[in-house]
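Residues per chain, in single letters:
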Amino acid sequence: MIYEFQSSIKALIINLKIEYILMPWKLKIDFKDEILEVKQRNWFLIGYKANSVSLRFIKSITIQQYVSGSSVYIKTMGQNLEVKFLEKEDAEKIKEILFNFNRGKAKQIIIA
């Protein structure tokens, strides 16, 4: 199963981050391959900056809420990933999805 989330245009406008409307953050959680991918278009609008990490290397998840929208910060063993200006419901859903995945892996500690 694959879940995909993207920065909210409404949250970008209300938080005065209009420059990111053409470069929203995108998060993809792929349970088949057990990969989490964060993607954002670069400033030149030509390519993407993408970070992929295995779900088993996730250490913690932090949600920061704003007036409109919220950001998710995911700490992994190798790097820190951030997906900014999501809908608040999407941020909570991401946290719930990853914690439920962790509960399914009883023998391995995914999120510490």
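On a predicted model such as this, the values are computed, not experimentally measured, just so you know. (Residues numbered from 1 in each chain as written. Predicted model: local features only at pLDDT ≥ 70, side-chain atom pairs only at ≥ 80, totals over all residues. Heavy atoms only, no water.)

Undergrad: What is the right way to look at the sheet that holds strand β3 (residues 35-41) in this model?
TA: Pairing between the strands of a sheet comes from backbone hydrogen bonds, and it takes one of two forms, parallel or antiparallel. Taking strand neighbours across the sheet as the criterion, the 4 strands line up as β1-β2-β3-β4 in an open arrangement whose pairing is antiparallel. Two strands bound the open sheet, and with one partner strand each, they are β1 (2-6) and β4 (48-54). The average angle at which neighbouring strand axes cross in this sheet is 15 degrees, direction not considered. With 6 bridges joining them, strand β2 (residues 25-30) and β3 adopt antiparallel strand pairing. In the strand pairing of β3, K26 is matched with K39. Across the sheet, helix α2 (residues 88-104) touches β1, β2 and β3, and the angle it forms with β1 is around 150 degrees. (Pairing = 2+ DSSP bridges. Helix = DSSP H or I, 4+ residues; strand = E, 2+ residues; numbered from the N terminus. Axes fitted to C-alpha atoms, helices over the stretch in contact; angles between N-to-C directions. Contact = heavy atoms within 4.5 Å.)

Undergrad: Explain the layout of surface pockets to me, please; I cannot follow it from the model alone.
TA: In this approach the atoms are scanned with a rolling probe the size of a water molecule, which exposes any empty space left behind. Put simply, the largest pocket is a space of about 260 Å³. In terms of lining residues, the largest pocket is bounded by 14 residues, among which W25, Q40, K49, N51 and E82 are the most central. Among the secondary structure elements, those contributing two or more residues to the lining of the largest pocket are β3, β4 and β7 (80-86). Of all the elements, β3 adds the most residues to the lining of the largest pocket, at 4 residues. (1 Å grid on protein atoms, 1.4 Å probe; cavity = no way out; pocket = protein on both sides within 12 Å on 5 of 7 lines; lining within 4 Å. Points joined across faces, edges and corners; volume = space filled by probe spheres on them.)

Undergrad: Looking at this structure, I do not really get a nonpolar patch on the surface. What am I missing?
TA: On the surface, I9, I13 and I18 cluster together into a nonpolar patch covering about 280 Å² of accessible area. Positionally, I9 belongs in helix α1 (residues 9-14). Given the relative accessible area of 47%, I9 is considered partly exposed. (Patch = residues over 30% accessible without salt bridge, like charges linked within 9 Å, V, L, I, M, F, W, Y side chains within 5 Å. Areas by Shrake-Rupley, 256 points an atom, 1.4 Å probe, with all protein chains shown as cover. Salt bridge = Lys/Arg side-chain N within 4 Å of Asp/Glu carboxyl O. Buried < 20%, exposed > 50% of the residue type's maximum accessible area, 1.4 Å probe, protein only.)

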